[in-house]
Amino acid sequence: MHQYRFLLTRQWVILTLVALLLIPTMIRLGFWQKHRYEERSARNQLVTEALSAKPVPVERLTAPGHAVTRTDRYRTVTATGTFDTAREEVVRRRVNADDEVGFHVLTPFVLTDGRVLLVNRGWIPAAGAQTAFPKIPAPPGGRTTVTGRLMPDETTAASGIKEIKGLPDRQIMLINSQEQARRLGAQVLGGYIQQTAPEPRGGSPEQLSDPGKEDAPLNYAYMIQWWLFAAGVPYGWFVLVRREARSRAEKAGQQSEEPTPAAV
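From a predicted model like this one, the values you see are computed outputs, not experimental measurements. (Residues numbered from 1 in each chain as written. Predicted model: local features only at pLDDT ≥ 70, side-chain atom pairs only at ≥ 80, totals over all residues. Heavy atoms only, no water.)

Asker: Give me the lowdown on the environment of aspartate 113, citing residues and values where you can.
Answerer: Among the secondary structure elements, aspartate 113 is positioned in the loop between strand 4 (101–111) and strand 5 (116–125). Owing to a relative accessible area of 45%, aspartate 113 belongs among the partly exposed residues under this scheme. At 3.0 Å, the side chain of aspartate 113 and the side chain of arginine 115 are in polar contact. (Helix = DSSP H or I, 4+ residues; strand = E, 2+ residues; numbered from the N terminus. Buried < 20%, exposed > 50% of the residue type's maximum accessible area, 1.4 Å probe, protein only. Polar contact = N/O pair within 3.5 Å; in protein donor to acceptor, adjacent residues only side chain to side chain.)

Asker: If you had to explain a negative patch on the surface to someone new, which residues and values would you point to?
Answerer: Where like charges cluster on the molecular surface, the negative patch consists of Asp98, Asp99, Glu100 and Glu206. As for its position among the elements, aspartate 99 is in the loop between strand 3 (89–95) and strand 4. A relative accessible area of 59% places aspartate 99 in the exposed class. (Patch = residues over 30% accessible without salt bridge, like charges linked within 9 Å, V, L, I, M, F, W, Y side chains within 5 Å. Areas by Shrake-Rupley, 256 points an atom, 1.4 Å probe, with all protein chains shown as cover. Salt bridge = Lys/Arg side-chain N within 4 Å of Asp/Glu carboxyl O. Lys, Arg positive; Asp, Glu negative; His and termini not counted. Charge placed at Lys NZ, Arg CZ, Asp CG, Glu CD.)

Asker: Give a detailed account of helix 3 (residues 177–184), specifying residues and quantitative values.
Answerer: For helix 3, every residue scored as buried is listed here: Ser177, Gln180 and Leu184. All buried residues of helix 3 lie within an arc of 60° about the axis, which places them on one face of the element. Buried positions along helix 3 lie against strand 3, strand 4, strand 5 and strand 7 (171–172). Structurally, the start of helix 3 carries an N-cap: the backbone nitrogen of glutamine 178 is 3.0 Å from a side-chain oxygen of asparagine 176. In the stretch just after helix 3, glycine 185 is the one whose phi turns positive, near 65°. (Arc of directions from axis to C-beta. Contact = heavy atoms within 4.5 Å.)

Asker: Which residues make up the pairing of strand 3, and what are the values?
Answerer: The element strand 3 is largely enclosed, with a buried count of five among its seven residues. Sheet topology note: the strand 3/strand 4 ladder contains five bridges and is antiparallel. When the bridges of strand 4 are listed, valine 95 appears paired with valine 101. What sits between the antiparallel neighbours strand 3 and strand 4 is a turn of five residues, in which aspartate 99 has the positive phi angle 60°. Where strand 3 meets strand 7, two bridges bridge the pair, whose relative direction is parallel. Following the sheet pairing, valine 91 is matched in strand 7 by isoleucine 172. (Pairing = 2+ DSSP bridges.)

Asker: Tell me about the environment of glycine 30, and please be specific about residues and values.
Answerer: Relative to the assigned elements, glycine 30 resides in helix 1 (residues 10–52). The class for glycine 30 is buried, based on a relative accessible area of 0%. Apart from the residues lying within four places of it in its own chain, the contact partners of glycine 30 are Met223, Trp226 and Trp227.

Asker: Talk me through helix 1; I want residue IDs and the actual numbers.
Answerer: For helix 1, which comprises 43 residues, the first-to-last C-alpha distance of 63 Å matches the rise-based estimate of 63 Å (1.5 Å per residue) to within 8%. Within helix 1, the full set of buried residues consists of Trp12, Ala19, Met26, Gly30, Gln33, Asn44, Val47 and Ala50. (Expected span 1.5 Å × (residues − 1).)

Asker: Go over the side chain of serine 177, please, and point to the residues and values.
Answerer: Along the chain, serine 177 falls in helix 3. The class for serine 177 is buried, based on a relative accessible area of 3%. Polar contacts involving the side chain of serine 177 include one to the side chain of aspartate 153, which spans 2.8 Å. Discounting residues that sit within four places of it in the chain, serine 177 has contacts with Leu118, Asp153, Val188, Leu189, Gly190 and Gly191.

Asker: Go over unusual backbone geometry, please, and point to the residues and values.
Answerer: The linkage connecting alanine 197 with the following residue, proline 198, adopts the cis geometry, with an omega of 0°. Here the amide bond leading from serine 204 into proline 205 is cis, since omega sits at 0°, within 30 degrees of zero. In this fold, proline 205 is placed in the loop between strand 8 (192–197) and helix 4 (216–257). A positive phi angle, close to 75°, is found at tyrosine 74, a residue other than glycine. Although it is not a glycine, aspartate 99 adopts a positive phi angle of roughly 60°.

Asker: Tell me what's going on with the nonpolar core, and back it up with residues and numbers.
Answerer: When a protein is soluble and globular, its nonpolar side chains tend to lie buried together. In this structure, Val58, Val77, Ala79, Phe109, Leu117, Leu150 and Ile193 are the most contacted members of the largest nonpolar core, which totals 15 residues. Elements represented by at least two residues in this core include exactly strand 2 (76–83), strand 4, strand 5 and strand 6 (144–151). Counting residues per element, this core draws most heavily on strand 2, at three residues. In this structure valine 58 touches Val77, Thr78, Ala79, Leu117, Leu150 and Leu189, once residues within four positions along its chain are discounted. Judged by nonpolar contacts, the second largest core, of 13 residues, contains Leu118, Met151, Ile172 and Tyr192. (Core = buried A, V, L, I, M, F, W, Y, C linked by side-chain atoms within 4.5 Å.)

Okay, structure coming up:
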C-alpha cells in the first residue's frame, strides 16, 4: 500500500474531504428538486381539475371573510348583479402577455342580495404617468351575469408585491377582499374573480389568460442530474487516485533503470 501514501499529503487530504462533502450535498439537492417536482406536479393537477370543473355560483365557494382554498383556486364561477364603476379601482404595475406594464381593473360587482364580489376585469395599458387614473372602458350596464376564475386574496408573501402606502387616489398594489370591505363599507366575498365572460367590447380591458402549467419535468431532470453527479464524484476520485498511483510508479521505475556511473 506504500504506493498510495500520497493520499496522506495535504493536497490529497483536501481533495478527498471536498469529495466527501460534495456527495451528500448533491444528494440533498437531488431530493430538493424531487420535492419541487412533486410540488409543481400537484399544483398542475389542481389547476387542471379546477379549470375542467363545471361552473358553479360563486356563493357556493366563498363568502365574506372566507379564504379561498387551494382546491377552489381557478374554479370557474358565475355571478349575477351589477357593476359599480363609481367605486372602481386599478391595480398598479401589472403586465400583460407581452410583459407591458399597465393596470388591472378591479370593479366591485354588487350581487342581487347586496353583497359584493370583486371582479378583475383585465389589463389596460398605462397611458402617460402612472400617477393619473387611467381611462377605463365601461363594463356592461344593468343586471349582468359574469363568469370568471376564483382567486384567493393577494398577499405580499404569496406574490412578492410590496404594499405601498400613499398611492394616488383609486390605485392599489394588492387585491384584498378585507381591505375592500372596509373601503366599500359592504360585505365582500372572500377572494376575487378573474373575469372570462362576457368578453369586453373592443377587447379592452384585455382579459387574463388561463394559468400556464409549471415546468415540473425540468425539476425531475435536475433531480436525476444531481444524483448522477453524486455518483460520479467517487468514481472520479477513484480514477484520479489510480492515475496518480500509476504516474508515481512509472517515475519510480524510470529512476531505478537509470545506469549508475562507473567507478574511476
